[in-house]
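A closer look at the structure
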Amino acid sequence: MKVLLLNTYPNGGGAAVASRRMLEALLAVGVDAKMLVAGSVSGEIQSEISGIGGLRHRVAFLTERLGVFAQVHFDRKHLFRYSSGSNGLDITEHPWVLEADVIHLHWTQQGFLSLEGLQRLLSLPGKRFFWSLHDLWPLTGGCHLPYLSEKNSRTSFCSKFLTHCGACPILHSKQVRDGAYRQFEKKLQLPLEHVHFLGVSRAVIQIAKESPLLRGAEVSLLPNMIPSELYAPAVLDQERTERRILFVAANLSDPVKGWDLCERVLESAARISPEFEREAHLIAVGKLHDARRTLERLPIRATHRLHCSSQGLIQLYQTATLTLSTSRYETFGQTLIESIACGTPALSFSVGGTPDIIDPKRGNGQLVPPYDIEAMAEQMVLLSELHRNIDRMAISQTILQFHTTNVASLLLKLYEA
C-alpha cells in the first residue's frame, strides 16, 4: 500500500504539524508513505517530502489572496479567515499521485488545490481518498471557521453552512448569492461521497455528519497524534515562585485565537490576586501584531517569541505553570495536548475539540464555559497557585489515547478497511 499525504505547507500551523507527525508514524511502521506540499522545501527535510509548483504556487497564492482581499472588502482582519479555492495547481500527473493507492488530504488551501483541482484529483480512478478536517473549510462556502468576533469582543457562530452559505458575514455581504453561495454550489458538485472524512474531535464529527456537502460520505474520528518520546515531563525546581503562563499559536493575532480575550482574562486575574499580578509571567509564542506595544498593555510581566524550535517549545511546555488557550473555537487543540503530554495542565474555554483533551476530573486542566472571562481568570489564579503540588507524570498519562502508536494503529485500520 502506497500512501500520499497532501498539505499546503511542510511547516507552521496545526495541520502541518499533524501531517508531518502522521508521515513519520506511517514510515515508522513500514508503510510506503510520502508527502506532497506546495512550493519548495528545504534540504533539511527528508526525501519523503517533496514540493510542487514553486513559482506557479506563488502566483496562485497571490492571485487567490488578492481576490479574497477584494471579497472581504479589504478587511485585513478577515483576509486569512476565508479561502476562495479559485487558484491552485494541477497535481494529477505528479508521479507520487499516480502511484498512490491512498491519497490523504490535510489542509490544501492558499494556492495548492483549487476547487477545479480538487475535482480532477477526486475523479482519479482506483484511488482511496481520506480528508482530515483540521478546520471546517471543506464544509463551508469559504470560511475556515464560522466564528466571528465583534467589536465588543462578543463571539457569534454562523450556522448557515449547515444548510447553504450566502450573505456571508466574513465577506460583509448581505447578498444571498454572493461568493460564499457560489463556492458552496461548486462544492456540491465535487465527488465528496468518494472521500472518507476524518474529524479530529467529536465536535467536528457531529458537525460533519450534519453537513449537506458530506451527505453520502463516510465520517470517522481520528484525533491528531502526539510523539510521547519527545513530549514528556521534566524534573523542575520546586522552589520557583514565578507562575509561567504559556500562550502558543502560529498567529496570535488571529481573531479566532482570542488574544483580546486573553488580555481581559489577565486583567481580571490581576485584580483578583495581587500575588498573581506580582508573580505571573506570560510567555507568548507566535506572530503578534505590534508585539512590544501589545505586551506593554498587560498587567503582568510578558515575553514574546516570534519563533521557537521544536525542542525549545517542548522546554517551554515542561517549565510552564499552565498553558492558556482563549480560542473562540478549536477543532482539536494541538497546544493543549502538547502541554499535557509534558505534564503541564491546560486552561481553555470548552469549545470544539477541547473537551476531548482536557479532563478536570483527571486533573490535567480546567474547562471554562465559553467566553466567561471572570471564570477563566479565577481558574487561572487557582491553577497557578497549585503548580508546586501537581504530579506532572500523572498529568501526562491522561492522554495516552493520543500517543502516536495508538492513533497510527487506528489510521492503518481505516486505510485497510
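Concerning the pattern of salt bridges
In total, this model carries 16 salt bridges according to the counting rule given. Here Arg202 and Asp356 are joined by a salt bridge, their closest N and O atoms 2.7 Å apart. Pair noted here: Arg202 is in helix H6 (residues 202-210) and Asp356 is in helix H12 (residues 354-357), with a separation of 154 residues, a long-range link. Given the relative accessible area of 53%, Arg202 is considered exposed. The class of Asp356 is buried, set by a relative accessible area of 17%. Linking Asp290 and Arg293 is a salt bridge whose minimum nitrogen-to-oxygen distance equals 3.6 Å. Residue Asp290 is classed as partly exposed on the basis of its relative accessible area, which comes to 36%.

Concerning the environment of Phe157
Inspection of the secondary structure assignment puts Phe157 in strand E7 (residues 155-157). Residue classification places Phe157 among the partly exposed residues on the basis of a relative accessible area of 37%. As for Phe157 and Lys2, which are separated by 155 residues in sequence, their C-alpha atoms are 40 Å apart. Leaving out residues up to four positions away in the same chain, Phe157 has contacts with Pro146 and Tyr147.

A closer look at the sheet that holds strand E4 (residues 102-105)
Spatially, seven strands are ordered E3-E2-E1-E4-E5-E8-E9 in an open sheet, and the strand pairing comes out parallel. One side of each edge strand has no neighbouring strand; the edge strands of this open sheet are strand E3 (49-52) and strand E9 (218-221). If you compare each strand with its neighbour and ignore which way they point, the axes differ by 25° on average. In the sheet, strand E2 (residues 32-38) pairs with E3 via four bridges, with the strands oriented parallel. By the bridge assignment, Val37 is partnered in E3 with Gly51. Where helix H1 (residues 14-28) meets the sheet, it contacts strand E1 (2-6), E2, E3, E4 and strand E5 (128-133), and its direction lies at approximately 160° from that of E2.

Some thoughts on empty space enclosed by the protein
Following the criterion strictly, the structure yields six cavities of 30 Å³ or more and no others. Its volume calculated, the largest cavity comes out at about 130 Å³. Cys143, Cys158, Cys165, Cys168 and Pro169 are the residues nearest the centre of the largest cavity, which is lined by 18 residues in total. Classifying every residue of the lining of the largest cavity by side-chain character gives 13 nonpolar, four polar and one charged.

Conventions used here
Residues numbered from 1 in each chain as written. Predicted model: local features only at pLDDT ≥ 70, side-chain atom pairs only at ≥ 80, totals over all residues. Heavy atoms only, no water. Salt bridge = Lys/Arg side-chain N within 4 Å of Asp/Glu carboxyl O. Helix = DSSP H or I, 4+ residues; strand = E, 2+ residues; numbered from the N terminus. Buried < 20%, exposed > 50% of the residue type's maximum accessible area, 1.4 Å probe, protein only. Contact = heavy atoms within 4.5 Å. Pairing = 2+ DSSP bridges. Axes fitted to C-alpha atoms, helices over the stretch in contact; angles between N-to-C directions. 1 Å grid on protein atoms, 1.4 Å probe; cavity = no way out; pocket = protein on both sides within 12 Å on 5 of 7 lines; lining within 4 Å. Points joined across faces, edges and corners; volume = space filled by probe spheres on them. Nonpolar A, V, L, I, M, F, W, Y, C, P; charged D, E, K, R; others polar.

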